[in-house]
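Fold and contact review
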Amino acid sequence: MTNLQLENSEIIVGVDFTNNKRINEILAKENSTFFLLYPGKESFNLSTSNNTETQTVIGTNAHIFILDGTWPCARKMLKLSTNLQALKRVSFDNQIKSKFIIKQQPDPLCLSTIESVYTVLNLLKEAGLEQCGTKNFLIPFEKMIEYQLEYMLDPTNKNYCTTENSVDNTKNLYKKTTERRIIFE
């Protein structure tokens, strides 16, 4: 969804990107700066830096890598990908609560990928490094959540969960073995 909102982005699928030809091709570009959007003690905080500092650090030809997945998956990608480990990290101080109410985040201030990119784009716009409009950036995400909620709350849906059934689901929530349903389109 994030990729569809950004003209100048691409998706590279994998877990260990150390020997990924496309990633290493991008990292070999001259006169460019490279960053990983990922929190950390040494990360450059876009929220607390002034515009001049952001312009100096980020530069005008920056590439920002974003690990898209669950938090455990993103940690694994970073742990395995030595080329991404070497990148300077950028982060931000989150002031909003995620709208992604269907999925539980590990921390109340954790955001989905599209919400994080939206925040970074707005911070880069403030610093004069980005020109794209973000007014309607989150609409597809918000519509997806709205659709998911409507589907879950529709009593004609075969997966509709009544209050009586939700008690059974709550009891089964802490089973040691869990099943995952994977849906491919």
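Residues numbered from 1 in each chain as written. Predicted model: local features only at pLDDT ≥ 70, side-chain atom pairs only at ≥ 80, totals over all residues. Heavy atoms only, no water.

Quick word on the overall build of the protein
Basically, it comes down to this: By the criteria applied, helices consist of DSSP H or I runs no shorter than four residues and strands consist of E runs no shorter than two, each listed in order from the N terminus. Whether a residue is buried, partly exposed or exposed follows from its accessible area with a 1.4 Å probe, protein chains only, as a fraction of its type maximum: under 20%, in between, or over 50%, in that order. Contacts are assigned to residue pairs with any non-hydrogen atoms lying within 4.5 Å of each other. Calculation of accessible area relied on Shrake-Rupley with a 1.4 Å probe; when residues are assessed, cover is drawn exclusively from the protein chains displayed.
For the protein, the count of helices and strands is 8 helices and 4 strands. For the protein, the succession of helices and strands along the chain, N to C, is α-α-β-β-α-β-α-α-β-α-α-α. Within the protein, the proportion of its 185 residues that are buried is 31%. Residue pairs in contact within the protein that sit at least 24 positions apart in sequence constitute 67% of those at least 6 positions apart. Total accessible area on the protein is roughly 13,500 Å²; 52% of this is exposed by carbon and sulfur atoms.

A few points about helix 3 (residues 51-58)
Spelled out, the test is: The term polar contact refers here to a pair of N or O atoms within 3.5 Å; inside protein, the definition further demands a hydrogen-donor-capable atom paired with an acceptor-capable atom, and it admits residues adjacent in sequence only when both atoms are side-chain atoms.
The opening residue of helix 3, the one whose side-chain oxygen lies 3.1 Å from the backbone nitrogen of Thr52, is Asn50. A positive backbone phi angle near 80 degrees is found at Gly59, which sits one or two residues after helix 3.

Some details on the sheet that holds strand 4 (residues 88-91)
In a beta sheet, neighbouring strands are held together by backbone hydrogen bonds and run either parallel or antiparallel to one another. Let me state the cut-off plainly: Note on pairing: DSSP must find at least two bridges between two strands before they are called paired.
One open sheet holds the 4 strands; their spatial order is 2-4-1-3, and the pairing between them is parallel. Both edges of this open sheet fall to strand 2 (44-45) and strand 3 (62-66), since each of them pairs with a single strand only.

A closer look at unusual backbone geometry
A positive phi angle, near 55 degrees, is found at Asn31, a position not held by glycine. Inspection of the secondary structure puts Asn31 in the loop between helix 2 (21-27) and strand 1 (33-37).

Quick word on the side chain of Thr113
Structurally, Thr113 can be placed in helix 6 (residues 113-126). Not counting residues up to four positions away in its chain, the partners in contact with Thr113 are Thr2, Ile66 and Asp68.

Overview of the environment of His63
Counting through the fold element by element, His63 comes out in strand 3. When the C-alpha positions of His63 and Phe34 are compared, they lie 4.9 Å apart, and in sequence the two are 29 residues distant. In contact with His63, other than residues within four places in its own chain, are Ile26, Lys29, Ser32, Thr33, Phe34 and Phe35.

Let's talk about the packing of aromatic side chains
The line we're drawing: Stacked, tilted and edge-to-face pairs are distinguished by plane angle, under 30 degrees for stacked and over 60 for edge-to-face with tilted covering the rest, among Phe, Tyr and Trp rings (Trp via its six-membered ring) whose centres lie within 6.5 Å.
Evaluation of the coordinates by the stated rule reveals 2 aromatic pairs. Ring centres of Tyr118 and Phe137 lie 6.2 Å apart, and the angle between their planes is 25 degrees; on these two criteria the pair is classed as stacked. In this pair, Tyr118 sits in helix 6 while Phe137 sits in the loop between helix 6 and helix 7 (139-152), placing the two residues 19 residues apart along the sequence. Under the relative-accessibility criterion, Tyr118 is labelled partly exposed at 23%. By relative accessible area, Phe137 is classed as buried at 3%.

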